[in-house]
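Close look at the chain arrangement
Each chain is listed here by its residues.
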Amino acid sequence: MRALKSKPATGLYGELTVPGDKSISHRGIMLGAISEGTTTLTHFLTSADCLSTLAAFQQLGVPIERNETTVTVHGVGLHGLKASPKPLDMGNSGTTTRLIMGLLAGQSFSSTLVGDASLSKRPMKRVSEPLATMGADITTTDGHLPVTINGQQLHAVNYQLKVASAQVKSALILAALQADEPTTLTELLPTRDHTERMLTAFGGEITTGDDGLTITVQPQPQLTGQSMTVPGDMSSAAFFMVAASLVPGSQITLKDVGLNKTRTGLLAILKAMGGHLSVESEPTTGEPIGDLTVQSADLKPISIGKEDIPAVIDELPLVALLAAKANGVSRITGAEELRVKETDRISAIVTEFKKLGIAIEELPDGFVIDGRQPWHVADPVLDAHNDHRIGMVLGIAALLVDQPLQLKDADSVRISYPEFFDDLDKLL
Ligand SMILES: O=C(O)C1=C[C@@H](OP(=O)(O)O)[C@@H](O)[C@H](O)C1
Ligand SMILES: C=C(OP(=O)(O)O)C(=O)O
């Protein structure tokens, strides 16, 4: 149990560089592993999820060294991975699991994937079924982990994705690299495109059509190791953007944050709600980055739906918190994917926000929140539900309450942001 900081006497103030992007750190290891030569990742995210990816690739025979946040991957090429003598432990990481399934489906050996209790409840058929259309031989346990993958020669497909998911898309891209012919994938909505951008940087041939939805992958590329600095994680910066917006008297600057437009839904939402936010982008050759300055503001309510969700999927608990302080009724719909994250995030947010007396109504695919109702703490013991993002949003919510609150499972922040509470203290 952790005692949370309650309402501060003054606002949040100062500058902060948040840790590296989780999605990009995972992909850096994976693409580095299947490239020829050395890949160096600077500002790598050393959270539990990314360390699960690092350990899994070491077990697949890839030499990888880490010195604090610098990781060196000695690539073995697309055909150089080796069977692991024991099951590969995915820990809590959905991204590691789904992407590695696509990669291992085309290898010349068999693999077994296991994970923790939360990950073992999350759906895996969304990946095994489309991979099966490419000839993959994957057995799940009732659609879940443990999963066994018997590597096969894969063949190309023309596939329409059934869920708006960058993890499913990326699994199919990694499988398509090993197919016999070019593969075409069509997304339902644009989702984060780090795999496409990074694959291009490593020498792969992948194109996205003018519709932004149709992706063509050329098979059997010669990938070459790269050196890259991982941008700050927008999904981590988001906690402090929301804290600074809501705690009166705040002004903070978050340095070198990734500004890929498939990830910046929260910036658009905060602006539409009347937030005080300025963005100073920096010129780059790779992923766009910039500095974000946020000041506190009085917020208006917002309505967001299906099309808005992918660019803000991991920040939706924070959108709910913004809504809980806005001067009207907000509606968040089309977000049923939240029910299959580390916990059912819709149910967890509703349960925990009700403990703070927030007027929140649960919908099958989101929430309705009336920010005009004053908060009244009904239960001071909050629960992260073993979910890093729920734990962190509750850590920010506590700053809006002037009585002591406790947090159960606070340690879950190690999954994506081990230094979260220390970094929050720096700004307080
Ligand atoms: O591809 C990725 O790196 C991720 C994709 C998203 O998941 P879905 O693909 O399930 O939407 C996101 O929620 C997750 O944190 C990271
Ligand atoms: C859903 C998340 O991650 P993953 O799917 O990789 O477990 C997340 O980080 O919020």
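As the structure is a prediction and not an experimental result, all values here were calculated from the model. (Residues numbered from 1 in each chain as written. Chains lettered and ligands numbered in written order. Predicted model: local features only at pLDDT ≥ 70, side-chain atom pairs only at ≥ 80, totals over all residues.)

Attention now goes to the site of ligand 2. Around ligand 2, the structure places Asp 49, Ser 93, Gly 94, Thr 95, Asp 314, Lys 341, Glu 342, Arg 389 and Ser 416. Of the domains in this structure, domain 1 (2-20 + 231-427) and domain 2 (22-218) are the two that each give at least three residues to the shell around ligand 2. (Near = placed C-beta within 6 Å. Domains from an automatic or database assignment.)

Put simply, an interface is often sized by how much accessible area is lost when its parts join up. Along its sequence, the protein chain is carved into domain 1 (2-20 + 231-427) and domain 2 (22-218). Using C-alpha coordinates to define each centre, domain 1 is positioned 28 Å away from domain 2. Residue-level contacts link 21 residues of domain 1 with 23 residues of domain 2. In terms of residue class, the side of domain 1 that touches domain 2 is made up of 7 nonpolar, 8 polar and 6 charged. (Contact = placed C-beta atoms within 7 Å. Nonpolar A, V, L, I, M, F, W, Y, C, P; charged D, E, K, R; others polar.)

Those residues carrying the UniProt feature "binding site: 3-phosphoshikimate" (unreviewed entry) are Lys 22, Ser 23, Arg 27, Ser 165, Gln 167, Asp 314 and Lys 341 in this numbering. Among the secondary structure elements, Ser 165 is positioned in the loop between β10 (158-160) and α5 (166-176). With residues up to four places along the chain from it excluded, the contact list for Ser 165 reads Arg 126 and Thr 191. By the element assignment, Asp 314 lies in the loop between β18 (303-304) and α9 (316-323). We classify Asp 314 as buried; it has 23 C-beta atoms within 10 Å. Excluding residues that lie within four positions of it along the chain, Asp 314 makes contacts with Ser 235 and Arg 389. (UniProt positions renumbered as here; feature names shortened; annotations may be inferred. Helix = DSSP H or I, 4+ residues; strand = E, 2+ residues; numbered from the N terminus. Buried ≥ 20, exposed ≤ 12 C-beta atoms within 10 Å, placed from the backbone.)

We now examine the site of ligand 1. Surrounding ligand 1, one finds Ser 23, Thr 95, Ser 165, Ala 166, Gln 167, Ser 170, Arg 192, Ile 313, Asp 314 and Glu 337. If one sorts the elements of the shell around ligand 1 by residue count, α5 sits on top with 3 residues. Taken together, the residues of the shell around ligand 1 sort by class into 2 nonpolar, 5 polar and 3 charged. When residues are assigned to domains, the shell around ligand 1 turns out to be shared by domain 1 (2-20 + 231-427) and domain 2 (22-218), each giving three or more.

With that settled, the discussion passes to the nonpolar core. Taken as a class, soluble globular proteins show a tendency for nonpolar side chains to be buried jointly. In this structure, Met 241, Val 242, Ala 243, Val 319 and Ala 320 are the most contacted members of the largest nonpolar core, which totals 72 residues. When residues in this core are grouped by element, the largest group, 10 residues, is from helix α7 (residues 234-246). What Ala 243 contacts, discounting residues up to four positions off in sequence, is Leu 12, Ile 396 and Leu 399. (Core = buried A, V, L, I, M, F, W, Y, C linked by C-beta atoms within 7 Å.)

Sheet architecture is open: 4 strands sit in the order β10-β11-β13-β12, paired in mixed fashion. Strand pairing shows two members of the sheet lacking a second neighbour, β10 and β12 (206-208), which therefore form its edges. The sheet shows a mean angle of 15° between the axes of neighbouring strands, taken without regard to direction. As paired elements, strand β11 (residues 183-186) and strand β13 (residues 214-217) share 4 bridges and run antiparallel to each other. Opposite Thr 184, over in β13, you have Thr 216 as the bridge partner. (Pairing = 2+ DSSP bridges. Axes fitted to C-alpha atoms, helices over the stretch in contact; angles between N-to-C directions.)

Moving on: unusual backbone geometry. Residue Leu 145 is joined to Pro 146 through a cis peptide bond whose omega torsion reads -10°. In this model, Asp 142 sits at a positive phi of 55°, which is unusual for a non-glycine residue. You can see Asp 142 is positioned in the loop between β8 (137-141) and β9 (144-150). Here Asp 142 falls in the exposed class, since 6 other C-beta atoms lie within 10 Å of it. Non-glycine residue Asp 409 carries a positive phi angle of around 60°. Looking at where Asp 409 falls in the secondary structure, it is placed in the loop between β23 (405-408) and α12 (420-427).

A few words on the sheet that holds strand β22 (residues 381-383). Across the sheet, which stays open at both edges, the 3 strands sit in the order β1-β23-β22 with mixed pairing between neighbours. Two strands lie at the open edges of the sheet, namely β1 (2-4) and β22, each paired on one side alone. Taken over all neighbouring pairs, the strand axes of this sheet differ in orientation by 35° on average, direction set aside. Bridge count for β22 against β23 is 3 bridges, and the pairing is parallel. Within β23, the residue paired with Asp 383 across the bridge is Lys 408.

All right, on to the packing of helix α1 (residues 22-33) against helix α3 (residues 94-104) then. At a minimum axis separation of 11 Å, α1 and α3 run at an interaxial angle of 30°. The angle between α1 and α3 falls in the class roughly parallel. Note on packing geometry: the crossing formed by α1 with α3 is right-handed. For the pair α1 and α3, contact is made by Ser 23, His 26 and Met 30 and by Thr 95, Thr 96, Leu 99 and Leu 103, respectively. For the contact of α1 with α3, the class distribution of residues is 3 nonpolar, 4 polar and no charged. (Parallel < 35°, antiparallel > 145°, perpendicular 65-115°, else oblique. Left-handed = near helix turned anticlockwise from the far one by under 90°.)

Turning our eyes to something else, we now look at the pairing of strand β15 (residues 251-258). Looking at chain direction, strand β2 (residues 13-17) and β15 are connected through 5 bridges and run parallel. Across the sheet, residue Thr 17 finds its bridge partner in β15, namely Lys 255.

The subject of this paragraph is α9. Across the 8 residues that make up α9, a large majority, 8, are buried. Restricting attention to buried positions, one finds in α9 the residues Leu 316, Pro 317, Leu 318, Val 319, Ala 320, Leu 321, Leu 322 and Ala 323. Looking at the packing, one finds that the buried side of α9 touches α7, α8 (265-272), β19 (329-332), α10 (345-355), β21 (366-370) and α11 (388-397).

Time to look at the confidence of the model for the protein chain. Scored by pLDDT, the protein chain has a mean of 98; 100% of the residues are at 70 or more. If you check the scores for this complex, the pTM reads 0.98 and the ipTM reads 0.99. (pLDDT = per-residue confidence, 0-100.)

As judged from the 5 bridges shared by strand β20 (residues 359-363) and β21, these two strands associate in the antiparallel manner. Paired with Glu 362 across the strands is Phe 367, a residue of β21. Between β20 and β21, which pair antiparallel and follow one another directly, the connecting turn spans 2 residues.

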